[in-house]
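Chain by chain, the residues:
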Amino acid sequence: MIEDELLKWRFKCGSREALSRIYEKYLNNLLTLAMALLNDAGAAEDVVHDVFVSFAKSAENFKLRGSLKSYLATCVINRARDRIRTNQRQPTKQDKIDLISSEANEPDRSVISSEKSQRLNHAIAQLPGLQREVIILRLKGQMKFKEIARLQGVSVSTIQGRYRYGLNKLRSLLDGEVEK
Amino acid sequence: MKTTNGMEETIKKNLNFAASTEMRERILTDVLDAQEEAKKTKSASAGPNIRSIIMKNPIIKLAAAVIIIAVALSITFLDKSIAPAYAIEQTTKALQKISTVHAFCIDWDGNKVEVWGDINAETGKENAVFCDSQSGFAIISTPEITYYYDKRENVVRLDKGLAPASYVRFGRIIEDIIDRIIKPNNGDVHINREYDQQREAEVIVLHGVTQREEFEVHIDPESKLPISINTIRSDYPSKGLKSVDRIYYDQLLPDGIFKFEIPEGVEVVIHRAQPNNVLDDPDVGMIIETETNEEACKIIIEEYWHAVINQNWSKAKKLRPMPEKSWDYLKTIDYVDNKPARLIKIKEPYQEKDCWIGPIASYVIKTTDGKLKTGDMIIKIRETDAQKSYVIAGTWGREFNALE
């Protein structure tokens, strides 16, 4: 990812343009991760907002040898986990599903998605949290099993197991509902 | 029923959320404000570390041809207003597929230079290079031998193998600019779309700026390949190239472009060997009484490396006569970068068909950093009054090559 290497460097040098480009490049991807993990548009927006703002402040001390995409995805995971922990300590609130269909054409809504995407996301929301993380990081964050294992603090084989079980469960939940 | 693979594809393809325009702008405003705030509160970063690039030989500069412009630059940043995004990976991928390059260049004296390169798609390095300058200089470089033809002096210089290439490979020019020039030098580049008056079309411009240099690489938006490279400003104007005005890719190489026949009447010399008047001096070299020349060649090379390792320069200079400035270079650069620690092996001498001076023997040296380096020394044999003496005439190829 030569462009990312360039962007990382320029961002570290204080380039506003580089930060804007990183934002444009990864915003929707991170939003998708956050939505899949939290299933709440408002919370997902907050997480993505906080990740980017924190990233913007980190330029001077920013040292990253690895993938920018994986780094930002990990930041989203950590913030989403914090959010889930906080919510668990608070009285349960109704899932405010703020998802809308692009066909719905309602410009005031903040997160845009297709109906198919919403159905998938509802199914993913039914998975245990760790399985959900593995599947989302692997398929939407394009992270390696090794990286996810490090993030969850378990072995690669455990991660592969969570991935397999998660996919099987999703398959049974969605069987016949979502066409490829 | 969906298979696991089908499920993976479904998630990859169909699970997508996008931010609305309002949300996009809302967050971006906060993000850019946060960056500005952070800049105000943090100290200014250190200034750019300008790297000086030592290019000892103008011939080598010419051989590096198209890519030399990038090599001569250490880049720092220019930050313009928001530019349309261009994924530079497209250019790196396009360059990874090229097999030949044909370029028309201009040197710092205004001479036109034509370059043909056979590019190794796997490594991005040149397999062979042809370079012909209007100034009367030509280079034909192949993995076996390189000819440096100076038409004005009517001299052809021969050297072993490919001409030493720049560390920026043409087939990997973007990666190498970033990894080998920008990063080590706190540099940066700016990518923009501009209207090219000459071409009457829009091009992608990769613009690099430093306090001492400024350059542009123009990229064709359709093919994604560089179409010209121009040095706008440089504190190092030299005998290298100033600009590459036109670049063509994957053209059929002209028949025999990398075959060179030495013209009649031309003086031919070995590029890294001393002339006869130096080598015939009776005060240099070493008398060795052995049964075979091969054995004597190995002895003089062994003596030489022991002298170098022990920094016995007077003995080393006697065994290998060279002008003082060449010794200065060896002592202050070559033998510092590759400080010899131990002589590992001297192989059996052989006769190289293109080197008429005398037998050649390969040596293997271990340097102080633990690396193994190899090279080939040419030995001249002199016979006087029934005595044989030997002198190191020079090297066939570079002094140190990494042993693979």
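Check the entry above for the structure.
Residues numbered from 1 in each chain as written. Chains lettered and ligands numbered in written order. Predicted model: local features only at pLDDT ≥ 70, side-chain atom pairs only at ≥ 80, totals over all residues. Heavy atoms only, no water.

1. Overview of the overall build of chain B
- For chain B, the count of helices and strands is 10 helices and 19 strands.
- Across chain B, the fraction of contacts at a sequence separation of at least 24, relative to all contacts at a separation of at least 6, is 56%.
- As displayed, chain B has an accessible area near 19700 Å², and 48% of this comes from carbon and sulfur atoms. (Helix = DSSP H or I, 4+ residues; strand = E, 2+ residues; numbered from the N terminus. Contact = heavy atoms within 4.5 Å. Areas by Shrake-Rupley, 256 points an atom, 1.4 Å probe, with all protein chains shown as cover.)

2. Looking at the overall build of chain A
- On a plain count of helices and strands, chain A comes out with 8 helices and 2 strands.
- In chain A, the order of α-helices and β-strands from amino to carboxyl end is α-α-α-α-β-β-α-α-α-α.
- The 180 residues of chain A split such that 52% are buried.
- Considering only residue pairs separated by 6 or more positions, chain A has 62% of its internal contacts joining residues 24 or more positions apart. (Buried < 20%, exposed > 50% of the residue type's maximum accessible area, 1.4 Å probe, protein only.)

3. What to know about the nonpolar core
- If you look at the biggest cluster of nonpolar residues, it comprises 65 residues, and the most contacted ones within it are Ile22, Leu30, Phe52 and Leu170 of chain A together with Ile11 of chain B.
- Sorting elements by how many residues they give to this core places helix H2 (residues 16-38) of chain A first, with 14 residues.
- What Ile22 of chain A contacts, discounting residues up to four positions off in sequence, is Leu7, Phe11, Phe52, Phe55, Leu68 and Leu72 of chain A.
- Cys105, Val113, Ile119 and Ile173 of chain B belong to the second-largest nonpolar core, a separate cluster that totals 35 residues. (Core = buried A, V, L, I, M, F, W, Y, C linked by side-chain atoms within 4.5 Å.)

4. Some points on the packing of H2 of chain A against helix H2 (residues 21-41) of chain B
- At a minimum axis separation of 11 Å, H2 of chain A and H2 of chain B run at an interaxial angle of 140°. Accordingly, the angle class assigned to the pair H2 of chain A and H2 of chain B is oblique. At the point where H2 of chain A passes H2 of chain B, the crossing takes the right-handed sense. Contacts between H2 of chain A and H2 of chain B involve Arg16, Leu19, Ser20, Tyr23, Glu24, Leu27, Asn28 and Leu31 of chain A on the former and, on the latter, Met23, Arg24, Ile27, Leu28, Val31, Leu32, Gln35 and Glu36 of chain B.
- Considering only residue class, the contact of H2 of chain A with H2 of chain B consists of 9 nonpolar, 3 polar and 4 charged. (Axes fitted to C-alpha atoms, helices over the stretch in contact; angles between N-to-C directions. Parallel < 35°, antiparallel > 145°, perpendicular 65-115°, else oblique. Left-handed = near helix turned anticlockwise from the far one by under 90°. Nonpolar A, V, L, I, M, F, W, Y, C, P; charged D, E, K, R; others polar.)

5. Comments concerning the packing of aromatic side chains
All names here are of chain B.
- Enumeration according to the criterion identifies 16 aromatic pairs over all chains in this entry.
- On the basis of an interplanar angle of 45° and a centroid distance of 6.4 Å, the ring pair of Tyr304 and Trp327 is categorised as tilted. Remark: Trp327 occurs in helix H10 (residues 324-337) and Tyr304 occurs in helix H8 (residues 293-309); sequence separation between them is 23 residues. Taken as a pair, Tyr304 and Trp327 share a single burial class, namely buried.
- Between the aromatic rings of Tyr335 and Phe400, the centroid separation amounts to 5.9 Å while the plane-to-plane angle is 70°, which identifies the pairing as edge-to-face. In this pair, Tyr335 is assigned in helix H10 and Phe400 in the loop between strand E18 (387-395) and strand E19 (401-402), connecting sequence segments 65 residues apart. (Phe/Tyr/Trp six-rings, centres within 6.5 Å; stacked < 30°, edge-to-face > 60°.)

6. Notes on helix H6 (residues 129-139) of chain A
- In terms of burial, H6 of chain A is a largely internal element, 8 of the 11 residues being buried.
- Within the span of H6 of chain A, buried status applies to Gln131, Arg132, Glu133, Val134, Ile135, Ile136, Leu137 and Leu139 of chain A.

7. Let's talk about a nonpolar patch on the surface
All names here are of chain B.
- On the surface, Ile344, Leu372 and Leu403 cluster together into a nonpolar patch covering about 220 Å² of accessible area.
- Along the chain, the position of Leu372 falls in strand E17 (residues 372-384).
- With relative accessibility at 35%, the residue Leu372 sits in the partly exposed group. (Patch = residues over 30% accessible without salt bridge, like charges linked within 9 Å, V, L, I, M, F, W, Y side chains within 5 Å. Salt bridge = Lys/Arg side-chain N within 4 Å of Asp/Glu carboxyl O.)

8. What about the side chain of Ser15 of chain A?
Residues and elements named next belong to chain A.
- Looking at the secondary structure, you find Ser15 in the loop between helix H1 (2-12) and H2.
- For Ser15, a relative accessible area of 4% gives the class buried.
- Of the polar contacts made by the side chain of Ser15, one reaches the backbone nitrogen of Ala18; its length is 2.9 Å. (Polar contact = N/O pair within 3.5 Å; in protein donor to acceptor, adjacent residues only side chain to side chain.)

9. Notes on the side chain of Thr32 of chain A
- Mapped onto the elements of the fold, Thr32 of chain A is located in helix H2.
- For Thr32 of chain A, the side chain forms a polar contact with the main-chain oxygen of Asn28 of chain A, separated by 2.8 Å.
- Once residues lying within four places of it in the same chain are set aside, the contact partners of Thr32 of chain A are Lys140 of chain A together with Leu15, Asn16 and Phe17 of chain B.

10. Section: the packing of helix H3 (residues 41-57) of chain A against H2 of chain B
- Running from N to C, H3 of chain A and H2 of chain B cross one another at 25°; their axes reach a closest spacing of 8 Å. In this view, H3 of chain A runs roughly parallel relative to H2 of chain B, as classed from their interaxial angle. For the pair H3 of chain A and H2 of chain B, the crossing hand works out as right-handed. Contacts from Glu45, Val48, His49, Phe52, Val53, Ala56 and Lys57 of chain A of H3 of chain A reach H2 of chain B at Met23, Arg26, Ile27, Asp30, Val31, Ala34, Gln35 and Ala38 of chain B.
- When grouped by side-chain class, the residues that make up the contact of H3 of chain A with H2 of chain B number 9 nonpolar, 2 polar and 4 charged.

11. Re unusual backbone geometry
- One non-glycine residue, Asn39 of chain A, lies in positive phi territory at about 55°.
- Along the polypeptide, Asn39 of chain A turns up in the loop between H2 and H3.
- Taking the relative accessible area as the measure of exposure, Asn39 of chain A reaches 6% and is therefore buried.
- Look at Asn154 of chain B: it is not a glycine, yet its phi comes out positive at around 55°.
- With respect to the secondary-structure elements, Asn154 of chain B resides in the loop between strand E6 (145-150) and strand E7 (155-160).

12. A few points about the environment of Ile88 of chain B
- Tracing the sequence through the fold places Ile88 of chain B in the loop between helix H4 (68-71) and helix H5 (89-95).
- Placed 118 residues apart in sequence, Ile88 of chain B and Leu206 of chain B show a C-alpha to C-alpha distance of 9.2 Å.

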